[in-house]
Amino acid sequence: MSEAESLKFGELNKPTLLSLINSKDWAWFGLLTIACVATLTLYGAMMDGYEVAILIGVAVLTAFVGWYWKSSIFYAVCVGIFSLFSIWLYGDSLAAGEQNFFLKFLLSSQSAFAWMGALFFLATASYFLGLMANSEFALNVASRMTWIATGFGFVGLMVRWRESYLYNPEYGHIPVSNLYEVFIMFCIITGLMYLYYEGRYKNKNMGGFVLLIISAAVGFVFWYETRGAADIKPLVPALQSYWMKIHVPANFVGYGAFAMSAMLGVAYLIKEKFADNSVVKRLPELQIIDDIMYKAIALGFAFFTIATILGAMWAAEAWGGYWSWDPKETWALIVWLNYAAWLHMRLTKGWRGAPMAWWAIIGLFVTLFAFLGVNMFLSGLHSYGEL
Amino acid sequence: MAEVVQNLKKSRAKRFIEFIGSMELAITLLAALAIASVIGTVLQQNQSYNDYILKFGPFWFEFFEKIALYDVYAAIWFLSILAFLILSTSVCVYRNAPVFLREARRFRTNVQLKSLQTFKHQQHWQTEHSVADVMAMGSNFFHFLGMKSRTSAGEGYELIAAKKGGINRWGYILTHMGVIIICVGALFDSKIPMMVAEWSGNLKPETRNISASEVPDISRIAPSNASFRGNVQIPEGGKANIVFLNIRDGYVVQELPFAIELKDFRVEHYSTGAPKSFESDLIIHDDVLEKPIEATIAVNHPFIYRGFALYQASFADGGTKLDLNLWSVRDKAGTVLNKKTAIFDDFKIIASNETLSVEMNDFRLFNINGVMQPDGSTKQTNIGPSITFKLRDESGVAKEFVNYMVPVTSEGVTTYLSGVRSDPTQPFQYLHLPVSENGVEQFMQLLARLSDQAQVEKAAIETVSRTMGAALLKDQALAADISGSMLNLVSLFIAGGYEAVVNDVKARVPEDKQKAVIETYLKLLQSVVGTVYETMLTEQGHKSVNNADWAWFDIALQALNTLPYYGSPMYVELSSFEHIQAAGIQITKSPGQDIVYFGCVLLMIGVFFLFYINPTRYWLWLERKDDKTRILLAGVSHRHTQDFDKQFDRAAADFEAALNKNKR
Ligand code: HEM
């Protein structure tokens, strides 16, 4: 055997795509396939083509996310089990929500959201405690609580979906139809996105900052509940469209990512300003914060692009034109342009650090206006005052 | 000399191109676009010009109009920003794309050792293996990393240059081409052709409120127009072959090559009364068709015909036929006149020598309101059909009324509601008329009796004889006096309510006695009116007057008290109707839509290429010195630098492991 031969690199097993998928992944794919097939056999007759496509799309997406981010598998399984369990507990009557112990105190959508909120508050405090006191334990607890909080939120949404049908079969719809429901989705998505980066960068010290914005959202949700926002209401005709099911969640990946990047911007500025402070020192390196900030904005931008395009396609079907300069639409464009400019400065001019952090923070206010302000202060097609 | 000038010229042109394609200009334009959009959302667009005048006053109104703030997105300056952005982006792509692609294709085998040594990511080794062996191994290594590689040799060294993720550069091209294509597509669907027609004097928006057939040719657009977005309202059973396009405070008529007939319009409701669906059954008549096509459209479910998209956009009344009873409440109070009319019709009435015009504005079949329940909660309840109309006097001043057909029960009392207001920004004030078996007739009869002097006199005398004894009335003069003042009291009340009675007392009686007198008067008034009522009931054949009758009477008194302030000489009762609805259909033609969608697809793919494909390059530099092969592995990635730290470390470790494994 010649020497050159023995130096061949092939012996190091060039990884193929198949070798990157382990038995756990296969089990996960199998489970999702079974779930899909079961759903289609049981309920296929009631679903139209779009719904089947959305179901399969969601399964593929979940499979991919699970393969790419292992922790999400356990999470998804738990959410699935608890959701099915509560739906089973409900049976055919909404009254079970008041009578059954589990539903009443844990799993009915209202209880689940309450738990979600409480856990997010506690996790925020715990993250900051861990950072201040340099306590690994507190940080770990905070991280667990964040996982459970997002779990409660997700299960709550799934259960609310079912509850809407129990409440009145005519009203049944996916809970992404009003400000109350999307705020909860915002909390869940932002929480999960943060957990992903926490795992990737193995650093929990910046958790408090991100959870701060989630806690603010939870505060809003709790206040909003006191104004009857949690009531299940039927869909106005304009919202009765399968586009809603994909347009709204895609938007919220964007909003969540932008919110996270802004909070990381805050962490960045603090770290830079008080570099010598012993507590601040424990925050991740400036470059790492900067890097996550960029990644969050890139992810948010990608999803926001998709969401806006989907929105345009929906508008073409509902309002008679893909672009009407409706205030919500226009503000989505403003948000998009803002982050496009941000990305240009970073990628082509090489801007880094404090200016970009400030810009990300300002970006949050622009985003917030698009997300909330437009609904509160401006009227347009999106407010569905009339038909 | 000439050559120098030429060069200077060239460089100026070049500099201009560079400026147009520059990042600075692009960012400035993006910012300008964002600010303009903010203005467009904060200032509500395309409202009626009267609203703007009210809001801003004449000076600012005119100023804002000059800079086209009422239709920002069609303003010249706004379109110029967009045009510059397209231009700037195109120039940017034109200049960068070839460079980027060439760069992406090249392997950079001409790299210098010196520059490799400045790289952040590098690793050195020494090995006994020959250069040729390590070269072979290196090629395999890069293959293992999924990279393409090229070898080259120079003076005393050999080199492998490897790369992957070049498709990232395509991301740049796709996103920017996407943006350009979207804008170009949108251009096809824009109002620009119409604006050009207007400037060149071929088109003039109509501002008068006239019927479509009267609109002159200068305000019409032929069916061949490639792109538009307009609305038309068609009543049930009606037909339209035009749509209206709004331009600023006017409109133009767009003709269609076919006609649309509305067969039926339906609103379905949830059990709360909130609307669940809006649907229109349409029939399309077109000469090219053998027989008309039928189609149903609903919100979110348009119908596309010959490239025209038909949308369910709104709904309104289509001229519902009404059968009204006009009850006079002033002169000849209590008499009734029947009138057949329809929504959008006008008619005249004469009252107190004044001619009033009645304009029937709207009919609503359902009115879902929060109605207070006996337990204090409010419940969404349908309070039945209503009509809205205006009463305009000779000087043009109008009051608006809304009358409900079905009685409403609120706080245990059942009444007919009629709302009135003179200012459209204010809420309605309601008149409550008591209900009996024969509707409002009972109340009107009471009103008629109270306006009849003989009836009131009779009742006055009866009241006095009941309360003060019949003996008193033997005195003729006193009797006349008493009945006269009671008559006065009642007519004061009918003309001005309790307030008129009170004011009358205040004008005539010393202050210290006012309170007592007022009390007595009001009591007297109520007994007289009560007597009139009792008489009426008796004449109608009632045996006795029960509690329910007196409860009715209380409401009637309140109604009589407010009636003088009602502001109308008549009460309009809706006795029956034939509901005719109209559907607002939006019709669009947007040939640019598919272009825009194509641009969107490019944009989406491009964004993912840009963000999630990480272009990386590696070099392996080999030198033979002192019987050893010196190895330098260097790598670079201008994206995701944090991730690349790890990637490079792993690659270097793998490479080292392979080297060691093959150690002799
Ligand atoms: C309508 C205006 C424009 C829009 C919406 C737009 C959008 C984008 C987007 C979405 C990206 C990807 C994100 C990123 O990598 O930054 C990008 C990248 C980029 N854009 Fe633009 N762009 C516009 C105009 C321009 C102009 C006029 C230039 C020329 C100077 C330009 C140069 C670049 C460059 C060089 C990149 C980065 C490519 C890379 O480094 O891989 N863009 N742009």
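Bear in mind the structure is a predicted one, so any value in this text is a computation, not a measurement.

1. A few points about the overall build of chain A
Scanning chain A from N- to C-terminus turns up 14 helices and 0 strands. When the helices and strands of chain A are listed from N to C terminus, the series reads α-α-α-α-α-α-α-α-α-α-α-α-α-α. Its C-alpha radius of gyration of 23 Å places chain A within 12% of the 21 Å reference for a compact globule of 387 residues. Considering chain A as a whole, with its 387 residues, one finds that 54% of them fall into the buried category. Put simply, of all contacts in chain A between residues at least 6 apart along the chain, 75% involve residues at least 24 apart. Surface accessibility of chain A: about 17,300 Å² in total, with carbon and sulfur atoms responsible for 69%. Here chain A carries 23 positive and 24 negative side-chain charges, and the mean point of each set is 8 Å from the other.

2. Focus: the sheet that holds strand 25 (residues 616–625) of chain B
Residue and element names in this part refer to chain B. Sheet architecture is open: 5 strands sit in the order 1-26-25-3-2, paired in antiparallel fashion. Two strands bound the open sheet, and with one partner strand each, they are strand 1 (121–127) and strand 2 (148–154). Ignoring strand direction, the axes of neighbouring strands in this sheet form an average angle of 15 degrees. Where strand 2 meets strand 3 (residues 157–164), 7 bridges bridge the pair, whose relative direction is antiparallel. Across the sheet, the residue bridging to Gly154 is Tyr157, located in strand 3. Here helix 15 (residues 641–661) sits on the sheet in contact with strand 1, strand 25 and strand 26 (628–637), set at roughly 5 degrees to strand 1.

3. As for the site of the ligand
Taken together, 22 residues sit near the ligand, with A:His344, A:Leu347, B:Cys92, B:Arg169 and B:His176 positioned nearest. Nearby residues around the ligand are contributed by chains A and B. Between the ligand and A:His344, the relevant distance is 2.5 Å, taken from a nitrogen atom to a side-chain nitrogen or oxygen of the residue. B:His176 places a polar side-chain atom, nitrogen or oxygen, 2.6 Å from a nitrogen atom of the ligand. Looking at the shell around the ligand, the elements that each hand over two or more residues are helix 13 (327–348) of chain A together with helix 2 (23–42), helix 4 (76–105), helix 7 (167–188) and helix 14 (593–612) of chain B. The element contributing the most residues to the shell around the ligand is helix 13 of chain A, with 5 residues. Of the residues that constitute the shell around the ligand, the class distribution is 13 nonpolar, 7 polar and 2 charged.

4. Overview of the sheet that holds strand 23 (residues 570–578) of chain B
All names here are of chain B. With antiparallel pairing, 3 strands are arranged side by side in an open sheet as 13-12-23. Single-partner strands in this sheet number two, and they are strand 13 (336–342) and strand 23. Mean inter-strand twist for the sheet, computed between neighbouring axes without regard to direction, equals 25 degrees. Across 7 bridges, the pairing between strand 12 (residues 321–328) and strand 13 is antiparallel. Pairing of Leu326 across the sheet is with Leu337, part of strand 13.

5. Concerning the packing of helix 7 (residues 109–133) of chain A against helix 8 (residues 136–167) of chain A
Two packed helices can be described by the angle between their axes and the distance between those axes. Residues and elements named next belong to chain A. In contact at an axis separation of 8 Å, helix 7 and helix 8 are set at 165 degrees when each is read in the N-to-C sense. Between helix 7 and helix 8, the crossing angle belongs to the class labelled roughly antiparallel. Helix-helix and strand crossings are classified by hand; for helix 7 and helix 8 the assignment is left-handed.

6. What to know about the confidence of the model for chain B
Residues at a pLDDT of 70 or more form 95% of chain B, whose mean pLDDT is 87. Overall fold confidence (pTM) sits at 0.83, and the ipTM for the predicted complex is 0.90.

7. Concerning the coordination of the iron atom of the ligand
Surrounding the iron atom of the ligand are the protein donor atoms A:His344 (NE2) and B:His176 (NE2), which sit 1.8 to 1.9 Å from the metal. Around the iron atom of the ligand sit 6 donor atoms, and with donor-metal-donor angles ranging over 82 to 179 degrees the site reads as octahedral. Of this pair, A:His344 sits in helix 13 while B:His176 sits in helix 7, placing the two residues on different chains. We classify A:His344 as partly exposed; its relative accessible area is 23%.

8. Comments concerning the interface of chain A and chain B
Interfaces are often sized by the accessible area lost when the parts come together. With 64 residues of chain A at the interface, the matching set in chain B holds 67 residues. Both faces considered, chain A and chain B share a buried interface measuring about 5,700 Å² in area, 64% of it formed by carbon and sulfur atoms. Across the chain A-chain B interface, the total number found is 4 salt bridges. The residue A:Arg200 makes a salt bridge to B:Asp643 at a minimum N-O spacing of 3.4 Å. Scanning the region where chain A abuts chain B turns up 17 residue pairs in polar contact (both at pLDDT 80 or more). Only helix 1 (3–6), helix 9 (179–201), helix 12 (286–318) and helix 13 of chain A provide two or more residues apiece to the side of chain A that touches chain B. Looking at the side of chain A that touches chain B residue by residue, the classes come out as 40 nonpolar, 14 polar and 10 charged.

9. Focus: the nonpolar core
Within the largest apolar cluster, 165 residues are counted, with the highest numbers of intra-cluster contacts made by A:Met116, A:Phe252, A:Met260, A:Trp342 and B:Phe611. Considering every element that reaches this core, the biggest residue donor is helix 12 of chain A, with 19 residues. If you look at the next biggest cluster of nonpolar residues, it comprises 57 residues, including B:Leu391, B:Met444, B:Leu537 and B:Trp552.

10. Section: the domain arrangement of chain B
Assigned domains of chain B: these are domain 1 (12–102 + 172–188), domain 2 (119–165 + 614–661), domain 3 (200–318 + 581–590), domain 4 (341–433) and domain 5 (445–574). When each unit is reduced to the centre of its C-alpha atoms, the spacing between domain 2 of chain B and domain 3 of chain B is 69 Å.

Reading the values: rules and limits
- Residues numbered from 1 in each chain as written.
- Chains lettered and ligands numbered in written order.
- Predicted model: local features only at pLDDT ≥ 70, side-chain atom pairs only at ≥ 80, totals over all residues.
- Heavy atoms only, no water.
- Helix = DSSP H or I, 4+ residues; strand = E, 2+ residues; numbered from the N terminus.
- Rg over C-alpha atoms; globule rule 2.2 N^0.38 Å.
- Buried < 20%, exposed > 50% of the residue type's maximum accessible area, 1.4 Å probe, protein only.
- Contact = heavy atoms within 4.5 Å.
- Areas by Shrake-Rupley, 256 points an atom, 1.4 Å probe, with all protein chains shown as cover.
- Lys, Arg positive; Asp, Glu negative; His and termini not counted.
- Charge placed at Lys NZ, Arg CZ, Asp CG, Glu CD.
- Pairing = 2+ DSSP bridges.
- Axes fitted to C-alpha atoms, helices over the stretch in contact; angles between N-to-C directions.
- Near = heavy atom within 4 Å.
- Polar contact = N/O pair within 3.5 Å; in protein donor to acceptor, adjacent residues only side chain to side chain.
- Nonpolar A, V, L, I, M, F, W, Y, C, P; charged D, E, K, R; others polar.
- Parallel < 35°, antiparallel > 145°, perpendicular 65-115°, else oblique.
- Left-handed = near helix turned anticlockwise from the far one by under 90°.
- pLDDT = per-residue confidence, 0-100.
- Donors = N, O, S within 2.8 Å, 3.2 Å for Na, K, Ca; no water.
- Tetrahedral: all angles 85-135°; square planar, octahedral: opposite > 155°, others 65-115°.
- Buried area = accessible area lost by both parts, 1.4 Å probe.
- Salt bridge = Lys/Arg side-chain N within 4 Å of Asp/Glu carboxyl O.
- Core = buried A, V, L, I, M, F, W, Y, C linked by side-chain atoms within 4.5 Å.
- Domains from an automatic or database assignment.

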